[in-house]
Amino acid sequence: MPEVTNMTRQLRWGVAGVGMISHDFLTAMASLPADQHKVIAIAGKDLDRVHRFATLHKIPTAYEGYEAMAHDTSVEIVFVSVLNMQHYEISKLMLENGKHVLCEKPIGMTYKQTKALVDLARERKLFLLEGMWSRFFPAYDALDKHISAGGLGDIYHINIQFGVEITDLERNLMKDLGGGAVLDLGIYMLQFLQFVYKEPPTDIVCAGHLSKVGVDESISCVLKYSDGRTATIAAHTRATMTNRAEITGTKGSIAMDYFWCPTVLHLSAANITEWTLPKGKYRFHFHNSAGLSYQIQECWDCINKDLLESPKMSLDESVLLAKLMDTMRTQVGVLNTATW
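Residues numbered from 1 in each chain as written. Predicted model: local features only at pLDDT ≥ 70, side-chain atom pairs only at ≥ 80, totals over all residues. Heavy atoms only, no water.

Chemist: Where do I start with the state of the cysteines in this structure?
Modeler: Linking two cysteines covalently via their sulfur atoms produces the bond known as a disulfide. Summed over all chains, the structure comprises one disulfide. Across a sulfur-sulfur distance of 2.2 Å, Cys 206 and Cys 221 are joined as a disulfide pair. A torsion of 110 degrees about the S-S bond marks the disulfide between Cys 206 and Cys 221 as right-handed. Residue Cys 206 is located in strand 8 (residues 203-210), and its partner Cys 221 is located in strand 9 (residues 216-224); the two are separated by 15 residues in the primary sequence. A relative accessible area of 2% places Cys 221 in the buried class. Free cysteine: Cys 103, not disulfide-bonded; nearest cysteine sulfur from Cys 299 at 11 Å. Summary of cysteine pairing: Cys 302 is not part of a disulfide, and the nearest cysteine sulfur, belonging to Cys 299, is at 7.1 Å. Overall, the relative accessible area of 2% leaves Cys 302 in the buried class. (Disulfide = S-S within 2.5 Å. Helix = DSSP H or I, 4+ residues; strand = E, 2+ residues; numbered from the N terminus. Buried < 20%, exposed > 50% of the residue type's maximum accessible area, 1.4 Å probe, protein only.)

Chemist: Is there a simple way to explain the sheet that holds strand 9 in this structure?
Modeler: Each strand in a sheet pairs with its neighbour through backbone hydrogen bonds, running either in the same direction (parallel) or in the opposite one (antiparallel). Spatially, the six strands line up as an open sheet ordered 8-9-10-7-11-12, and their pairing is mixed. Whereas interior strands pair on both sides, the edge strands pair on one side only; in this sheet they are strand 8 and strand 12 (252-257). In this sheet, adjacent strand axes meet at a mean angle of 10 degrees when their direction is disregarded. Here strand 9 pairs with strand 10 (residues 230-236) via seven bridges, running antiparallel. Its bridge partner lying in strand 10, Ile 219 is registered against Ala 235. (Pairing = 2+ DSSP bridges. Axes fitted to C-alpha atoms, helices over the stretch in contact; angles between N-to-C directions.)

Chemist: Could you clarify how one ought to interpret the side chain of Gln 194 in this entry?
Modeler: Positionally, Gln 194 belongs in helix 7 (residues 181-197). Here Gln 194 falls in the buried class, since its relative accessible area comes to 11%. The contacts of Gln 194, once residues within four sequence positions are left out, are Arg 135, Glu 199, Pro 200, Glu 317 and Leu 320. (Contact = heavy atoms within 4.5 Å.)

Chemist: Help me out: how do you make sense of the UniProt feature "domain: Gfo/Idh/MocA-like oxidoreductase N-terminal" (unreviewed entry) in the chain in this one?
Modeler: As recorded in UniProt, the sites labelled "domain: Gfo/Idh/MocA-like oxidoreductase N-terminal" (unreviewed entry) are residues 11-128. Secondary structure across residues 11-128 divides into 41% helix and 24% strand, with the first and last C-alpha atoms of the span separated by 14 Å. (UniProt positions renumbered as here; feature names shortened; annotations may be inferred.)

Chemist: How should I be thinking about the packing of aromatic side chains in this particular structure?
Modeler: Working definition: an aromatic ring pair is given by the centre-to-centre distance plus the angle between the planes. This structure, assessed with the given rule, holds 13 aromatic pairs. When the ring of Trp 133 is compared with that of Phe 137, the centres are 5.3 Å apart and the planes differ by 70 degrees; the resulting orientation is edge-to-face. Considered together, Trp 133 and Phe 137 belong to a single accessibility category, that of buried residues. With a centroid separation of 5.2 Å and an interplanar angle of 70 degrees, the aromatic rings of Phe 137 and Tyr 294 are classed as edge-to-face. In this pair, Phe 137 is assigned in the loop between strand 6 (128-131) and helix 6 (138-148) and Tyr 294 in helix 8 (residues 292-304), connecting sequence segments 157 residues apart. Overall, Phe 137 belongs to the buried group, its relative accessible area being 1%. (Phe/Tyr/Trp six-rings, centres within 6.5 Å; stacked < 30°, edge-to-face > 60°.)

Chemist: Explain the pairing of strand 2 (residues 37-44) here, please?
Modeler: Side chains on a regular strand alternate between the two faces of the sheet. Burial within strand 2 is extensive, with seven of its eight residues counted as buried. Remark: the strand 1 (residues 11-16)/helix 1 (residues 20-29)/strand 2 crossover connection has right-handed handedness. With four bridges connecting them, strand 2 and strand 3 (residues 61-64) associate as parallel partners. Its bridge partner lying in strand 3, Gly 44 is registered against Glu 64. (Right-handed = clockwise from strand over helix to strand, strands pointing away.)

So this is what it looks like as structure tokens:
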């Protein structure tokens, strides 16, 4: 039998959660090299649903609940895709049992939860990544190179709108489930600002509306940065918005549609690049979900290089985003009921 080298290592995945994102994740993974990725276990609270997932995606082991998978020594890395308010608990369980973790965003409901997970991963010397899949799209790499080369000159303003009608989602109907405009949509806008400006804001002022049950349905913020730079962001869960990020610099501007999962970068009329996403065996639930494959491959690349975090989405950045979201949610009046 040939010796297994780093170049041929196969990551043995477990999946915690059997929702729509887990389906898209598994469908996207199937487009990647089988000698690098293999899902060997899936877990969830509803065993019948877990078995249906396992059958559809040809996963050999199905667990009811998450403890058994946490103790399965054959699982190396776990994709955590449960409700927002369970991210901390399940990620902590997996880290405490020696698993690397890729967790859907946000990895914690609060700054304290996020910081605790980051500290635990670093203490245990395990790989941890918040699932900010946007960062791993090739369009982000190309945008970063264009900005770094001075293509936009000095950037002074960024404007982002992100509105999707998701008030019917269960987590937006019940406050304790951890939904809302900030955690579901605002985090994408904040990471984009951080990606471009590469430093936190010096001030942030927000206003928004809460639903009858206290979930933030909308939020608008003005952010102030050093050296005369600003940003405006707006998110809504009751209306569809432009869903575009606009960057304005002294040498021009760029508008990026679907900024959280872009497949086109329009730098000028003569400079348009488009990337084709891989095809999935099954239908995806969400827009451009095939792009989850970029994030999955980032995990393999990092672990193969013995990295404990991704240089494209650092753990310190996850902590910063959590702190900013705490500020936003406090300003619009969302009570922080998360326990940890």
